[in-house]
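What follows is each chain in one-letter form.
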Amino acid sequence: MLKQLIYASQPFGFDSSMLAGILLQARRNNSAKDITGALVCRADLYLQLIEGPADKIDALFGEIAADDRHTNVRVVFSGPVEARLFPDWAMLDDQMPTLTWSAEDVANGAVEDAQPAQVRSIFEAIAEGAKAE
């Protein structure tokens, strides 16, 4: 079964070298585990979609939830899907940060208030942009 999971969290000690390390590690590990996805990463928000075999997604999310590079980890969506949004990306980093909420929106609870379909639409737009590259 193909599973997709979207989670949100707040970065702890975020900087560009941390992001580079996260992406390098994710790309290496995810390729070996048949996991694909995308990461929206800003100083105030991590929003990540991971997809792949259900057991691998569950194990990866356990690792993510225990990772001290972020706090307040919460699942936005988790469930079976028919097809991957990011079949060619071990981990795509967001190149369109304006598709997400402003820092003020995040501080005011926009992520917590968002419906799963709304959050998934952000990743659908990122996937469309990646196809155009």
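About the thresholds
Residues numbered from 1 in each chain as written. Predicted model: local features only at pLDDT ≥ 70, side-chain atom pairs only at ≥ 80, totals over all residues. Heavy atoms only, no water. Helix = DSSP H or I, 4+ residues; strand = E, 2+ residues; numbered from the N terminus. Buried < 20%, exposed > 50% of the residue type's maximum accessible area, 1.4 Å probe, protein only. Polar contact = N/O pair within 3.5 Å; in protein donor to acceptor, adjacent residues only side chain to side chain. Contact = heavy atoms within 4.5 Å. Phe/Tyr/Trp six-rings, centres within 6.5 Å; stacked < 30°, edge-to-face > 60°. Salt bridge = Lys/Arg side-chain N within 4 Å of Asp/Glu carboxyl O. Pairing = 2+ DSSP bridges. Axes fitted to C-alpha atoms, helices over the stretch in contact; angles between N-to-C directions.

Undergrad: I tried to follow the side chain of His70 on my own but got confused; where do I start?
TA: Looking at where His70 falls in the secondary structure, it is placed in strand S4 (residues 70–80). The class for His70 is buried, based on a relative accessible area of 7%. Here Ser9 takes part through its side chain, which lies 2.6 Å from a polar atom of the side chain of His70. In this structure His70 touches Tyr7, Ser9, Gln10, Pro11, Phe12, Tyr46 and Ile64, once residues within four positions along its chain are discounted.

Undergrad: What is the right way to read the packing of aromatic side chains from this model?
TA: The description of two aromatic rings rests on the distance between their centres and on the angle between their planes. The tally for this structure, following the rule as stated, stands at 2 aromatic pairs. Geometrically, the ring pair formed by Tyr7 and Phe61 is tilted, given 5.9 Å between the ring centres and 55° between the ring planes. One end of the pair, Tyr7, is in strand S1 (residues 2–11); the other, Phe61, is in helix H2 (residues 54–66), and 54 residues separate them in sequence. For the residue pair Tyr7 and Phe61, the accessibility class agrees, reading buried in each case.

Undergrad: How should the pattern of salt bridges be read in this particular structure?
TA: Inspection of the entire model under this criterion finds 8 salt bridges. The closest approach of N and O atoms between Arg27 and Asp93, which form a salt bridge, is 3.3 Å. In this pair, Arg27 is assigned in helix H1 (residues 16–33) and Asp93 in strand S5 (residues 92–93), connecting sequence segments 66 residues apart. A salt bridge links Lys33 to Glu63, with the shortest nitrogen-to-oxygen separation between them at 3.9 Å. Taken together, the positions of Lys33 in helix H1 and Glu63 in helix H2 put the pair 30 residues apart, joining distant regions of the chain. When its relative accessible area of 46% is taken as the criterion, Glu63 is described as partly exposed.

Undergrad: Just to check I follow, could you spell out the sheet that holds strand S2 (residues 36–42) for this structure?
TA: The strands making up a sheet associate through backbone hydrogen bonding, with each pair oriented either parallel or antiparallel. Reading across from one edge, S4-S1-S3-S2-S5 is the order of the 5 strands in this open sheet, with mixed pairing throughout. The outermost strands of the open sheet, each flanked by one partner alone, are S4 and S5. Note: S1 against S4, 8 bridges, orientation antiparallel. Bridge pairing links Tyr7 to Val75 in S4. Of the strands in this sheet, S2, strand S3 (45–53) and S5 touch H1, which is tilted by about 170° from S2. Helix-sheet contacts for H2 involve S1, S3 and S4, and the interaxial angle to S3 is about 155°.

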